[in-house]
Amino acid sequence: GENVEQHPSTLSVQEGDSAVIKCTYSDSASNYFPWYKQELGKGPQLIIDIRSNVGEKKDQRIAVTLNKTAKHFSLHITETQPEDSAVYFCAAISNTGNQFYFGTGTSLTVIP
Amino acid sequence: ETGVTQTPRHLVMGMTNKKSLKCEQHLGHNAMYWYKQSAKKPLELMFVYSLEERVENNSVPSRFSPECPNSSHLFLHLHTLQPEDSALYLCASSQDRVRGEAFFGQGTRLTVV
């Protein structure tokens, strides 16, 4: 089965700095990689995703990169703001579509 | 608001009680999921339903019993739970099993006493 590792588990940055969260996966059949943001008391919310035929995707201050050869993908948040503080989860989805493997989460704190 | 609604938001139950968690999605999706979220652990997929048919069951104890009466509603029936079952239970839906864009509800925080 798939094994998704996520690092770091906690991350503190100053407001305005960048934050990077990294995930690795083991199953080469994984072809879809979403990132979720979970705020306190809420369910995870999809913030950005990338498919295996793309190397990079950007949406305003958020970007995701994928290295299929090395089997790792990363979330980049630039110009961080206090409202970016949350737990972020990566996931890898198999090409059969019914297996979601999640990382253990990164608790991001943006210090004003 | 993600279009996936879970009730109740919080639930405290004794080990001999029977209760049910409810999930409803208004997105026209065909696949629904139950996840368990425990502290310091990855999200654990419990059940997958596609077009009201259960297609995945990750060896979940029989004290958890899912029900999917139609493509918009999903239940998780609970009975004789253990304290270690205390967790956040999340419902999610997606257009179908193949597409990965899953939308989550806010979860039910379950405490077993």
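How each quantity is defined
Residues numbered from 1 in each chain as written. Chains lettered and ligands numbered in written order. Predicted model: local features only at pLDDT ≥ 70, side-chain atom pairs only at ≥ 80, totals over all residues. Heavy atoms only, no water. Phe/Tyr/Trp six-rings, centres within 6.5 Å; stacked < 30°, edge-to-face > 60°. Helix = DSSP H or I, 4+ residues; strand = E, 2+ residues; numbered from the N terminus. Buried < 20%, exposed > 50% of the residue type's maximum accessible area, 1.4 Å probe, protein only. Polar contact = N/O pair within 3.5 Å; in protein donor to acceptor, adjacent residues only side chain to side chain. Contact = heavy atoms within 4.5 Å. Core = buried A, V, L, I, M, F, W, Y, C linked by side-chain atoms within 4.5 Å. Pairing = 2+ DSSP bridges. Axes fitted to C-alpha atoms, helices over the stretch in contact; angles between N-to-C directions. Salt bridge = Lys/Arg side-chain N within 4 Å of Asp/Glu carboxyl O. Nonpolar A, V, L, I, M, F, W, Y, C, P; charged D, E, K, R; others polar. Disulfide = S-S within 2.5 Å.

Chemist: Explain the packing of aromatic side chains to me, and be specific about the residues and the numbers.
Modeler: All names here are of chain A. As enumerated under the stated definition, the model contains 11 aromatic pairs over all chains in all. On the basis of an interplanar angle of 45° and a centroid distance of 4.8 Å, the ring pair of F33 and F73 is categorised as tilted. In this pair, F33 is assigned in strand 4 (residues 30-38) and F73 in strand 8 (residues 72-77), connecting sequence segments 40 residues apart. With a relative accessible area of 0%, F33 lands in the buried category. The class of F73 is buried, set by a relative accessible area of 0%. Centre to centre, the rings of W35 and F73 are 5.6 Å apart; their planes meet at 65°, and the pair counts as edge-to-face.

Chemist: Break down the side chain of K37(A) for me, citing the residues and quoting the values.
Modeler: Residue and element names in this part refer to chain A. Examined against the element boundaries, K37 turns out to sit in strand 4. In terms of polar contacts, K37 uses its side chain to reach the backbone carbonyl oxygen of E83, at 2.9 Å. If near-sequence neighbours (up to four positions away) are discounted, K37 is found in contact with G43, P44, Q45, I47, E83, D84, A86, V87 and Y88.

Chemist: So what about the nonpolar core? Which residues, and what values?
Modeler: Formed by 23 residues in total, the largest nonpolar core has its most connected members in Y25(A), F33(A), W35(A), F73(A), L75(A), Y88(A) and L108(A). Listed by contribution, the elements that provide at least two residues to this core are strand 2 (10-14), strand 3 (19-24), strand 4, strand 5 (45-51), strand 7 (62-67), strand 8, strand 9 (86-94) and strand 11 (106-111) of chain A. When sequence neighbours within four positions are dropped, the list of residues in contact with Y88(A) reads Q6(A), I21(A), Y36(A), K37(A), I47(A), L75(A), I77(A), G105(A), T106(A) and L108(A). Ranked by size, the runner-up nonpolar core spans 22 residues in total, among them M32(B), W34(B), C68(B) and A87(B).

Chemist: Before we move on, could you go through the sheet that holds strand 1 (residues 4-7) of chain B and cite the residues and values that matter?
Modeler: Residue and element names in this part refer to chain B. Taken together, 4 strands build an open sheet; the order of strands is 1-3-8-7 and the sheet is antiparallel. For this open sheet the edge positions go to strand 1 and strand 7 (64-70), each flanked by a neighbour on one side alone. For this sheet, the mean angle separating the axes of adjacent strands, direction not counted, is 20°. Looking at chain direction, strand 3 (residues 18-25) and strand 8 (residues 73-79) are connected through 7 bridges and run antiparallel.

Chemist: If you had to explain the interface of chain B and chain A to someone new, which residues and values would you point to?
Modeler: Each partner contributes residues to the interface: chain B has 21 residues there, and chain A has 20 residues. Joining chain B to chain A, the criterion identifies 0 salt bridges. For the interface between chain B and chain A, the tally reads 3 residue pairs in polar contact (both at pLDDT 80 or more). Among the secondary structure elements, those contributing two or more residues to the side of chain B that touches chain A are strand 4 (31-37), strand 5 (44-50) and strand 9 (87-94) of chain B. The element best represented in the side of chain B that touches chain A is strand 4 of chain B, accounting for 3 residues. The residue makeup of the side of chain B that touches chain A, split by class, is 11 nonpolar, 6 polar and 4 charged.

Chemist: How would you sum up the state of the cysteines? Please name residues and give values.
Modeler: Covalent bonding between the sulfur atoms of two cysteines is what defines a disulfide. Under the defined criterion, the tally for this structure stands at 2 disulfides over all chains. Between C23(A) and C90(A) runs a disulfide, and the two sulfur atoms are separated by 2.0 Å. Here the disulfide of C23(A) and C90(A) is left-handed, its torsion about the S-S bond being about -95°. With C23(A) in strand 3 and C90(A) in strand 9, this residue pair connects regions lying 67 residues apart in the sequence. In this structure C23(A) comes out as buried when scored by relative accessible area, which is 0%. In this model, C23(B) is linked to C91(B) through a disulfide, with the two sulfur atoms separated by 1.9 Å. Judged by the torsion about the S-S bond (-70°), the C23(B)/C91(B) disulfide is left-handed.

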